[in-house]
Structure formats: structure tokens, C-alpha cells
Protein chains: 2
Amino acid sequence: MATPDPDRPGFLLPLLLLAGFRTLIDDLHAELARQGHPDLRPLHGFVLQAVGNGTTASELGQRLGVSKQAAGKTVDRLVALGYLERADDPADARRKLVRPTDRGLDGLRRSAVVFDQLRDRWAATLGPDRVAAIEDDLRRMVPADVFRLDVPGWFGT
Amino acid sequence: MATPDPDRPGFLLPLLLLAGFRTLIDDLHAELARQGHPDLRPLHGFVLQAVGNGTTASELGQRLGVSKQAAGKTVDRLVALGYLERADDPADARRKLVRPTDRGLDGLRRSAVVFDQLRDRWAATLGPDRVAAIEDDLRRMVPADVFRLDVPGWFGT
DNA sequence: GTACGATGGTCAACGTGGTTGACGAAATAG
DNA sequence: CTATTTCGTCAACCACGTTGACCATCGTAC
């Protein structure tokens, strides 16, 4: 059975939250692919956001809630794709700074624009107040330390 | 930066939807672990739901939107964990029926109960009407073919 | 100034959840 | 009876995560 059992109303909520998320993410990446970023994966947007203007792999791992090794591997892939670059830290020979490239910044800016458009589309259907109400409600239900990115288990399985 | 840029309001919605989903799933599995199912992973609930009273690996793959090979591997793991069992189809020697074991049914029932309790908890905080409103709104925004389970990309990365 | 603990990056091995391609066995269509 | 389709499986691979180990470097304490 594909759709959840109506006798189990609790199944509906997580399913719809996931479906809503996936809808937005799928729309985003379809649009990003059209705009010259076909190899940007759902994970990458979060990583680029977390990199910001520059960090290290360890700090990135903390922000994303994963090990520094996992963060390092993800950085490797994004470097290979041309979205990030590494540079030595002149002040500390152990640290390697991770920075977005121009392409990385372009992807990030386009993501922001597309997400804004998608939110507008939701507002056009549901009304701006209901979208804001969903955001308010969810913000009340998710623990503050889950809403921040620096907590384990944000993505992936 | 961990929290999204407030100048980019669009980032908020997907982040909160994911956070809401993860909060429910994390709470569910913390409770399931307490109730004797510590090795049930987030994915497994969907799979058990999709198996229902019995299917084959191929059909399961279609329902879950993944390849039959991926479905087969997941069934392997759930068989090893004691949640599913395979049996030959007397009517078709190619097919192998996949059925939940008693333990699988127990996990499924407990998941349903816990999800219902979690939804009640949300209703106690937000009010039953707002929870229902979130469900209604999300149902309007997700394409029907995404809400059904038999579409690619439901879980995982 | 040197010894030492904490930190940053990397390597290796592994687990899980996916993919595609190939292939044999069994059912079905002509 | 033969051709095609379907089911299950094997193999190779990829993305993303884990632990454990290790070395280089930094900061501190003596």
C-alpha cells in the first residue's frame, strides 16, 4: 500500500512534511540544472551555505553535524566540481581554508533566488499568511538545536 | 553561518519542513528503541509500510521508487534483522514473496501508535486545527504523484 | 627552550542506500 | 515452439556517513 492507512493519522504528518521538503528541493534542482548547475546535489546547497565566506573542514563538520572526515570528503567532491577551493591558512600551517569559488557563489545566489520564487508560489496558492503560519508552527515544534545546522543528522539517511 | 540568511526568506521553508520531519522521525526512533526496536532505521518504516501484507522485490521497488536491486538489498537487511521473511510463490517460480514477520508487524504497529502520539503532542501545542491546516496546505502543495510512495526519490539522500 | 596535550587534516576500512549492466530461469504471447 | 518479458540476483560502482589511527602543528606549562 502506497498511501498511508487513514486509520493511522499520525503517518500523514511526517509523510507530508517530507513530501513538502522534497517538492521544494526537486523544483530547486530542476531549475538549477536549467541554469547551468546540473551537478549540484541537494546536500551541496546546505554545505555551500555552511561554508559561507570560508571555513575549515573541521568547523564545517561541526556546523553540519558530521565528522570532520565526512566534511572533508564532501569538500573534496565540491572542489572537484569547481564549487569550492582550498587555500593554506597563513596564520596556522595545520588549517586549510575552504572557500566558495565564483561558481560556488553563483550557485548559492541562484539557489536563494529560486527558493524565494518557490516560497512566493506557495504564497500565491495558500496565501502569504498561511505560509508564514506554517513557518511559525514548525519553528515552535522543532527544538532550537535541531533548527540550527550544527547538530547531527541534518541530511542523508 | 548556521541559520539561514534572513534576507533569503525562501531558505526558511525547506529548512523548517526538513527539521519538522526529522524531529518526528528522531522522536519516533528514540521511542521505538525504548520499546525493543533499536535497529529499526528511518527507512525501514517506509519499507514495512510498503510491504504491507506481502509483495515481491520488484513491486516493492516500484512502490518505493527505487530499482528492484535496491529494494532487494533492503529486503536482505530487513530479513537479517528479522523484520521480513521470504517465501516461494507457489503460482510462479520466479517470484519470491516478501512478508513481514511477527516482529515486523510489531514494529509497524508501534510506529503507528507513536506517530499518533506525536501528532497529538503537536496538536496539544499548536491546536488541532493548525495541525490539520498544515496537513491540508501541504497536501495542496505536493503533487499527487509525489505524495504517493511509488515515485522516485522518497528517501535517502 | 623543550616537552606535552589539543587541534587540523588525512588515510583506511567499513556500513548503508542508491545506481546500471548483465544474465539465467521461468512465465507468457505469437 | 519460439520470441519476448519478467523476476531475482550478481557485480561494479558512487555518495555519504561512521571509527580508529596517525602525523604535523600550535599553544601552553614548566
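Residues numbered from 1 in each chain as written. Chains lettered and ligands numbered in written order. Predicted model: local features only at pLDDT ≥ 70, side-chain atom pairs only at ≥ 80, totals over all residues. Heavy atoms only, no water.

## Structural notes on the overall build of chain A
Helix and strand counts for chain A come out as seven helices and two strands. The secondary structure elements of chain A, listed N-terminal to C-terminal, are α-α-α-α-β-β-α-α-α. Counting every position in chain A, which comprises 157 residues, the buried fraction comes to 49%. Sequence separation of 24 or more characterises 52% of the internal contacts of chain A that already satisfy a separation of 6 or more. Carbon and sulfur atoms make up 50% of the accessible area of chain A, which amounts to about 7500 Å² in all. (Helix = DSSP H or I, 4+ residues; strand = E, 2+ residues; numbered from the N terminus. Buried < 20%, exposed > 50% of the residue type's maximum accessible area, 1.4 Å probe, protein only. Contact = heavy atoms within 4.5 Å. Areas by Shrake-Rupley, 256 points an atom, 1.4 Å probe, with all protein chains shown as cover.)

## Here we look at the environment of L108 of chain B
Locating L108 of chain B in the fold gives a position in helix α5 (residues 102-126). Of the residues examined, L108 of chain B reaches a relative accessible area of 16% and is grouped as buried. For the pair L108 of chain B and Y83 of chain B, spaced 25 residues apart in sequence, the C-alpha to C-alpha distance is 9.7 Å. Setting aside residues up to four positions removed in sequence, L108 of chain B forms contacts with F11 of chain A together with G45, L48 and Q49 of chain B.

## Describing the protein's contact with DNA strand D
Inspection of the region around DNA strand D gives 24 residues, with Q69 and K73 of chain A together with K68, R94 and K96 of chain B positioned closest. A share of 56% is what sugar and phosphate atoms reach among the atoms of DNA strand D within 4 Å of the protein. Between DNA strand D and the protein, one listed contact pairs a phosphate oxygen with a side-chain N or O atom of S67 of chain A at 2.8 Å. Between DNA strand D and K96 of chain B there is a distance of 2.8 Å, counted from a phosphate oxygen to a backbone nitrogen or oxygen. Counting only elements with at least two residues in the surface near DNA strand D, the list comes to α2 (42-51) and α4 (68-80) of chain A together with α3 (57-64) and α4 (68-80) of chain B. Broken down by element, the residue count for the surface near DNA strand D peaks at five residues, all from α4 of chain A. A class-by-class count of the residues in the surface near DNA strand D yields six nonpolar, eight polar and 10 charged. (Near = heavy atom within 4 Å. Polar contact = N/O pair within 3.5 Å; in protein donor to acceptor, adjacent residues only side chain to side chain. Nonpolar A, V, L, I, M, F, W, Y, C, P; charged D, E, K, R; others polar.)

## Looking at the UniProt feature "domain: HTH marR-type" (unreviewed entry) in chain A
In the UniProt entry, the feature "domain: HTH marR-type" (unreviewed entry) is given for residues 33-131 of chain A. Secondary structure within residues 33-131 of chain A divides into 63% helix and 10% strand; the distance between the first and last C-alpha atoms comes to 26 Å. (UniProt positions renumbered as here; feature names shortened; annotations may be inferred.)

## Structural notes on the nonpolar core
One finds L17, L60 and W122 of chain A together with L17, L60 and W122 of chain B to be the most contacted residues of the largest nonpolar core, which totals 80 residues. When near neighbours in sequence (up to four residues on either side) are disregarded, L60 of chain B contacts V47, A50, V51, A71 and V75 of chain B. (Core = buried A, V, L, I, M, F, W, Y, C linked by side-chain atoms within 4.5 Å.)

## Observations regarding the side chain of T101 of chain A
Residues and elements named next belong to chain A. If you trace the backbone, T101 turns up in the loop between β2 (96-100) and α5 (102-126). Here the side chain of T101 touches G82 through a polar contact of 2.6 Å, landing on its backbone oxygen. Excluding its chain neighbours within four sequence positions, the residues that come into contact with T101 are G82, Y83, L84 and E85.

## Considering the packing of helix α1 (residues 12-34) of chain A against α5 of chain A
Residue and element names in this part refer to chain A. Orientation of α1 relative to α5, taken along the N-to-C sense of each, is 130°, at an axis distance of 10 Å. What the angle tells us is that α1 and α5 run oblique. Classified by chirality, the crossing of α5 by α1 is right-handed. In contact with G20, L24, I25, D27, L28, E31 and L32 of α1, α5 contributes G107, R110, S111, V114, F115, L118, R121 and W122. Considered class by class, the residues forming the contact of α1 with α5 number eight nonpolar, three polar and four charged. (Axes fitted to C-alpha atoms, helices over the stretch in contact; angles between N-to-C directions. Parallel < 35°, antiparallel > 145°, perpendicular 65-115°, else oblique. Left-handed = near helix turned anticlockwise from the far one by under 90°.)

## A look at the environment of R22 of chain B
Turning to its location among the elements, R22 of chain B is positioned in helix α1 (residues 12-34). Through-space distance from the C-alpha of R22 of chain B to that of P42 of chain B is 9.5 Å; in sequence the pair is 20 residues apart.

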